[in-house]
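For reference, the chains in residue letters:
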Amino acid sequence: QVQLVESGGGLVQAGGSLRLSCVASGTIFRFNTMGWYRQAPGKQRELVATATCGGVTNYTNSVKGRFTISRDNTKNTVYLQMNSLKHEDTAVYYCSLGVIQNHYWGQGTQVTVSS
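The following paragraphs examine the structure supplied in this document. (Residues numbered from 1 in each chain as written. Predicted model: local features only at pLDDT ≥ 70, side-chain atom pairs only at ≥ 80, totals over all residues. Heavy atoms only, no water.)

Applying the stated criterion to the full structure yields one disulfide. Disulfide partner of Cys 22: Cys 95, at an S-S distance of 2.1 Å. Across the disulfide from Cys 22 to Cys 95, rotation about the S-S bond amounts to roughly -85°, and the bridge is consequently left-handed. Linking Cys 22 in strand E3 (residues 18-26) with Cys 95 in strand E9 (residues 91-99), this pair joins segments that are 73 residues apart in sequence. Cys 95 shares its class with Cys 22; the two are buried. Left unpaired, Cys 53 is separated from the closest cysteine sulfur, that of Cys 95, by 15 Å. (Disulfide = S-S within 2.5 Å. Helix = DSSP H or I, 4+ residues; strand = E, 2+ residues; numbered from the N terminus. Buried < 20%, exposed > 50% of the residue type's maximum accessible area, 1.4 Å probe, protein only.)

See below:
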């Protein structure tokens, strides 16, 4: 079993920055993909960014150039640096870890961007 714990959410003004962290614990298979998803009120959960164990990253178009995902594999931790935040970034952000057909989720952390 894998447990994921997010931290770093909060309230920030538009144009500000926030850094999310997610620590994985339990039985961690090395060759995994970690990522961040978000769900805003009244909307479906969407993929924000992913990072493979080898460091290959992918972003949804709406955050390209503003968000950066990174990993520290020695700590089983993934980060999401969010810059130039917009009101539409407001959502609950979920950390995920996937390997083959197994997919694990954190509890989520609230990010609120005031306009």
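Read on for the rest.
The next thing to look at is the sheet that holds E3. Strand order across the open sheet formed by four strands is E1-E3-E8-E7, with antiparallel pairing between neighbours. Two strands lie at the open edges of the sheet, namely strand E1 (2-7) and strand E7 (67-72), each paired on one side alone. Strand-to-strand twist in this sheet, taken as the mean axis angle between neighbours without regard to direction, amounts to 15°. Note that E3 and strand E8 (residues 77-82) share six bridges and pair antiparallel. Across the sheet, residue Leu 18 finds its bridge partner in E8, namely Met 82. (Pairing = 2+ DSSP bridges. Axes fitted to C-alpha atoms, helices over the stretch in contact; angles between N-to-C directions.)

Its identity is not glycine, yet Asn 76 carries a phi of approximately 50°, on the positive side. Of note, Asn 76 is situated in the loop between E7 and E8. The class for Asn 76 is partly exposed, based on a relative accessible area of 30%. Even without glycine at this site, Ile 100 takes up a positive phi of about 50°. Structurally, Ile 100 can be placed in the loop between E9 and strand E10 (102-105). With relative accessibility at 83%, the residue Ile 100 sits in the exposed group.

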